[in-house]
Amino acid sequence: MTEETDATPVTERTPLVELDDVSKYYGNIRALEGVSLEVHAGEISCVLGDNGAGKSTLIKIIAGLHRHDAGAFRIEGEDAKLGSPREALDRGIATVYQDLAVVPLMPVWRNFFLGSEPTKGVGPFKRMDVDLMRETTRAELLRMGIDLRDVDQPIGTLSGGERQCVAIARAVYFGAKVLVLDEPTAALGVKQSGVVLKYVAAARDAGLGVVLITHNPHHAYLVGNRFVLLKRGTMSGSYTRDEISLDDLTREMAGGSELDDLRHELERR
Ligand code: ATP
């Protein structure tokens, strides 16, 4: 915590991550304007929007890839200026992208520890602790309820849904406080989407604050506590779960009044 007297006091309800009236411009293109979002421990905040709505830009700000131009970005109540994704990770923010950065031909356990391999032995005898990695991967996946047939199989042989689940389990194991998921169900069928959403809920139950980016209101409503709707870079709505029904969320995502206008127009023809 900073010593500054004007620092926001940390209360029980201080969000893990907060965007307050944030804007981001690329030259004169408005990618985001006036967007606010709260991410709390043990909750799932959903960000919904169509193509070009600004979802990727929002992820990039939280993940430390881009700086916002206006508004405030706070981590645990403190103004944050992240210089890189590494810094975001050090602050406990893990991002799982849709095109997961995995090495398809390497075993699941190798991918689980990629870049953070434990070693054993010293000096010239130092080597990767393969047994520990294998065993930990198996145990951690099981703890999340993921029963993989074999952690030795190349990760490329897993289904898209299973790979997402491994990535979520990995973030939980490496101590993430905030998990940002970039459209984890976008490329999946109904059954696999259900499996992934189960592990998203498991991460929430493990106490993480989750940001779930999606364009599917049904998926969002199955697990979400908060919903922020983006439209062409602006926030077209922000609700807690008790403020909106699935029907209204779906309607808003589909365009709400714009859809009504379109229907009238089509009927007239
Ligand atoms: P999609 O689902 O299609 O990826 P999105 O909701 O993630 O869309 P963003 O990628 O955040 O949307 O884009 C928001 C707006 O900002 C778009 O109009 C996009 O063209 C623009 N934009 C994004 N990145 C850049 C950039 N690096 N330079 C210029 N314009 C950009």
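Residues numbered from 1 in each chain as written. Predicted model: local features only at pLDDT ≥ 70, side-chain atom pairs only at ≥ 80, totals over all residues. Heavy atoms only, no water.

In the annotation of an unreviewed UniProt entry, the entry for the chain reads Sugar ABC transporter ATP-binding protein, and the organism field reads Streptomyces alboniger.

Draft legend 1. View of the site of the ligand. Neighbouring residues of the ligand: Y26, I29, A31, D50, N51, G52, A53, G54, K55, S56 and T57. Contact distances for the ligand include 2.5 Å between an oxygen atom and a side-chain N or O atom of S56. In the environment of the ligand, an oxygen atom lies 2.5 Å from a nitrogen or oxygen atom belonging to the side chain of T57. For the ligand, the accessible surface in isolation is 630 Å², of which the surrounding protein chains cover 61%. For the shell around the ligand, the elements supplying multiple residues, two or more each, are β2 (29–39) and α1 (55–62). If one sorts the elements of the shell around the ligand by residue count, α1 sits on top with three residues. Of the residues assigned to the shell around the ligand, the class counts are four nonpolar, five polar and two charged. (Near = heavy atom within 4 Å. Polar contact = N/O pair within 3.5 Å; in protein donor to acceptor, adjacent residues only side chain to side chain. Areas by Shrake-Rupley, 256 points an atom, 1.4 Å probe, with all protein chains shown as cover. Helix = DSSP H or I, 4+ residues; strand = E, 2+ residues; numbered from the N terminus. Nonpolar A, V, L, I, M, F, W, Y, C, P; charged D, E, K, R; others polar.)

Draft legend 2. Geometry of the nonpolar core. In this structure, L141 and L179 are the most contacted members of the largest nonpolar core, which totals 46 residues. It is helix α5 (residues 160–173) that provides the largest number of residues to this core, a total of seven residues. Apart from residues no more than four positions distant in its own chain, L179 is found in contact with A94, V96, I168, A171, A203, L208, G209, V210 and V211. F73, A80, A88 and V228 belong to the second-largest nonpolar core, a separate cluster that totals 26 residues. (Core = buried A, V, L, I, M, F, W, Y, C linked by side-chain atoms within 4.5 Å. Buried < 20%, exposed > 50% of the residue type's maximum accessible area, 1.4 Å probe, protein only. Contact = heavy atoms within 4.5 Å.)

Draft legend 3. Region of the structure containing the packing of aromatic side chains. The final tally for this structure, using the stated rule, is seven aromatic pairs. Seen from their ring centres, F112 and F174 are 6.4 Å apart, and the 35 degrees between their planes marks the pair as tilted. Of this pair, F112 sits in helix α3 (residues 108–112) while F174 sits in the loop between α5 and β9 (178–182), and the two are 62 residues apart along the sequence. Under the relative-accessibility criterion, F174 is labelled partly exposed at 37%. Each ring, one from Y221 and one from F227, has its centre 5.5 Å from the other, and the planes form 15 degrees; the classification is stacked. Of the residues examined, Y221 reaches a relative accessible area of 17% and is grouped as buried. Ring pairing ties together the aromatic residues F112, F113, Y173 and F174, which thus form one cluster. Taking the ring centre of Y221 as reference, the NZ or CZ of R241 above it sits at 4.1 Å. (Phe/Tyr/Trp six-rings, centres within 6.5 Å; stacked < 30°, edge-to-face > 60°. Lys NZ or Arg CZ within 6 Å of the ring centre and 35° of its normal.)

Draft legend 4. Quick look at the side chain of T136. Along the chain, the position of T136 falls in helix α4 (residues 130–143). Beyond its immediate chain neighbours, meaning those up to four positions away, T136 contacts F113 and Y173.

Draft legend 5. Spotlight on α4. Here α4 spans 20 Å end to end across 14 residues, near enough to the 20 Å set by a 1.5 Å rise per residue. Restricting attention to buried positions, one finds in α4 the residues M133, T136, T137, E140 and L141. Buried positions in α4, seen along its axis, are confined to an arc of 125 degrees and lie on one side of it. Residues D131 and R143 are exposed on α4 and point more than 90 degrees away from its buried face. Structurally, α4 contributes buried residues whose contacts are with α3, β8 (127–128) and α5. Where α4 ends, the next residue or the one after it, G145, has phi of about 85 degrees, a positive value. (Expected span 1.5 Å × (residues − 1). Arc of directions from axis to C-beta.)

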